[in-house]
Every structure is written in C-alpha cells, then in structure tokens.
Amino acid sequence: MEPGQAHLDMQTVVEVEINSLSVAGSPRISGEDLEHVEMLTVAQAPLPPIIAHRATMRVIDGVHRLRAAERRGDDKIAVRFFDGDEADAFVLAVESNITHGLPLSMADRKNAAERIIRSHPLWSDRMIASVTGIAPGTVAEIRRRVSGAAAAGRGRIGQDGRFRPLNGAEGRRLAGNLIAENPGLSLRQIARASGISPETARDVRNRLRRGEEPLLKARSRQARTQQEPVPAGPAGAGDGGEAAGPARTPVQDRTVVVRRLKVDPALRFSETGRTLLRLLSIHTISAEEWDDIMANIPPHCSGIIAQLARECADIWADFAQRAERNVAEAV
C-alpha cells in the first residue's frame, strides 16, 4: 500500500453537494476529456464514488464522473474522503488515474513524476515509477533535470518503505558497526537496520570475521575476481574455506560450476537434487538477459515483483548459511 492510501477510508461513502467540490490541481495537463464525460453521462449504471481531499474538497479521482453527474442534473455525488496532506493527495490522484478509468497520457505521467520528485525527494525512482506508470529509468532522467533533486538526501525510500543509502559504502559501514556492537543480530536484522541486502550483510560479516574492512575496494576486488580459479565443485568444499570469497562469481564461472554439478550422480539421480539444479540454473543467465527481463516488466507489476525478488533473495541467503554450516560440520 502506498503512503497516501493509508489515509483513504474505503468503507465510508457520503453524499456531498457537487458545488462544494473543486477540480483544481488535476494531473491531466490538457484538462477533461469531453467525449469521456459524455459517455459517462449517458451510461445507465450508477457512477462509482469519487475520491476527494477532505481538507480542500478537491477532487482527487473522478473529475469526469463529477462532470457527468452535473450534466445529469444531480445536486449531490457519492464521495470517499482522503485525509492527508496535499502532496500525498496528488500522489493518490496520479496512482488512481493509471489503474482505472481514462488513463493519463505519457506527458501527464512525466509531469506528475517531476512534481512527485519535488514533493517526495526521498522516494526511489522505482517507487515513483510504480505510482506514475512509467519506467524507473525515465524517472531517473527526470530527476537529473530537476534542480537539486538528484543530490537530495543521503538515500532513498523504496516501495517496501525501507530507507536505503545512495552510497553503498555507507550501508556497509553501518552494518559493520552493528555487527561489532551486536554480534548476535541476524542477517535480516542487520540488513533492515542498515538499508542493505541480507547478502551484502553476510559479505560484511564474513569480511569482519577475516579481519578485513567492511568496505569494498573496487580495484582490488576486480583483480581478485580475475585471479580466482574456477572452483571444481561447490564453494568451500574440500578445503574448509570460502573458495568463492565474498565477491559475486562471474556468470561464466557460475555456468561452469552448475554444469559440473549437473553431472554429479548425488544430485542427478535424486528428486531434490534435480530440483536444486533447476533452481541454480536460473542464475546462470547473462546480465543482458536480466536487463531484457527488467525492461519488459509491466509497471503495475513492479511492486509485487520487487517484493517477491527480495523474499527470494532472503530465502537464498538463509539457504547459503545452512549450506555453509553443513560444510563446517563435515570438515
């Protein structure tokens, strides 16, 4: 649920005098669509309730329905009230008009994105994209054009309501401090408090255990990745260490490892082993294939897909911890 919707009473509908309502501040740059108003006017079915901002009596969603009611000669119209500030009221107006009724034009959506960037500068590009129905990359381009918006704040608030630092080093540094002060915290607790992923939290914890700094040094990490040999089996097996290290294994190396695992009889000839191999094979696709998938996600599905992806990442992180414990117990 978006922040603005938390103030919307979906249960209570009241009859309001039409002449008490205002239509100022609509996200539609070109104004009302007269043809759509006429279509609603002649429709036989009752018009659904509109949404209005209680503090200003401004119509948030349903201007065309209001105009149709006027043409029908009605004095009153059914209204649901939104209780919140005007900035959140505008967000709700935009969100409502991309999910039903006459959709906003692309120009309307881009204009709305710019306004939301100014009123909610800490919202992430993806969060604003989910509200306006445009691509996150388009939101990022608009943010760069908005004076001072790109540099506003030290982080962004995502669709899950969590604050994440723009500078990944800051999140790693905070995670390192949390681990040092509270070594018993779980990876999820560390990740949630520092605004990083559970996998990054695991990396920070592993680095601290080896006596290293929590921050990555890009040059040394790249050199280490290039020099590391492709492991002959599951990471860490046979030497008691963490063969792959905290750096992400290149996709080519992952493909080789998964291919070798597929010929292991212990995995090939068991149902659970084959299931595991199928799951691992998903992560051998190239970065370009991931980009193609990302580019074709419908905007209205982005929020739930992002949430599912985070949950899957948490599941894999827990699975990795349990697998590492199995390795340690077997040594």
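Residues numbered from 1 in each chain as written. Predicted model: local features only at pLDDT ≥ 70, side-chain atom pairs only at ≥ 80, totals over all residues. Heavy atoms only, no water.

With 17 residues, the main nonpolar core has Ile116, Trp123 and Ile128 as its most contacted residues. Contributing elements (two or more residues each) for this core: α3 (86-99), α4 (106-119), α5 (125-132) and α6 (136-145). For Ile116, the residues in contact, after removing those within four places along its chain, are Phe90, Val91, Pro121, Trp123, Ile128, Val131 and Thr132. Membership of the second largest hydrophobic core comes to twelve residues, among which are Ile50, Val63, Leu66 and Ala69. (Core = buried A, V, L, I, M, F, W, Y, C linked by side-chain atoms within 4.5 Å. Buried < 20%, exposed > 50% of the residue type's maximum accessible area, 1.4 Å probe, protein only. Helix = DSSP H or I, 4+ residues; strand = E, 2+ residues; numbered from the N terminus. Contact = heavy atoms within 4.5 Å.)

This part covers the pattern of salt bridges. Taken as a whole, this structure holds twelve salt bridges when the rule is applied. For the salt bridge of Asp83 with Arg54, the shortest nitrogen-to-oxygen distance reads 2.6 Å. Of this pair, Asp83 sits in the loop between β4 (76-82) and α3 while Arg54 sits in the loop between β2 (50-53) and β3 (58-61), and the two are 29 residues apart along the sequence. Note on Asp83: relative accessible area 35%, which makes it partly exposed. We note a salt bridge from Arg118 to Glu114, for which the minimum N-O separation is 3.1 Å. In this pair, Arg118 and Glu114 both sit in helix α4, four residues apart, roughly one turn of the helix. For Arg118, a relative accessible area of 51% gives the class exposed. (Salt bridge = Lys/Arg side-chain N within 4 Å of Asp/Glu carboxyl O.)

Right, let's talk about the pairing of β2 for a bit. Burial of the side chains of β2 extends over both faces: Ile50 and Ala52 are buried on one face and Ile51 and His53 on the other. When β2 meets β3, the two strands line up antiparallel, connected through three bridges. Across the sheet, the residue bridging to His53 is Arg58, located in β3. Count of turn residues in the β2/β3 antiparallel hairpin: four residues, of which Met57 carries a positive phi of about 60 degrees. (Pairing = 2+ DSSP bridges.)

Here we take up the environment of Leu187. Take Leu187: it is sitting in helix α8 (residues 187-194). Distance in space between the C-alpha atoms of Leu187 and Gln321 is 9.9 Å, their sequence separation being 134 residues. Other than its neighbours up to four places away in sequence, Leu187 contacts Pro198, Ala201, Arg202, Arg205 and Gln321.

On to α4, then. Compared with the 20 Å implied by 1.5 Å per residue over 14 residues, the 20 Å span of α4 between its first and last C-alpha is a close match. Taken as a whole, α4 has its buried residues at Asp108, Arg109, Ala112, Ala113, Ile116 and Ile117. Where α4 is buried, its residues contact α3, α5 and α6. (Expected span 1.5 Å × (residues − 1).)

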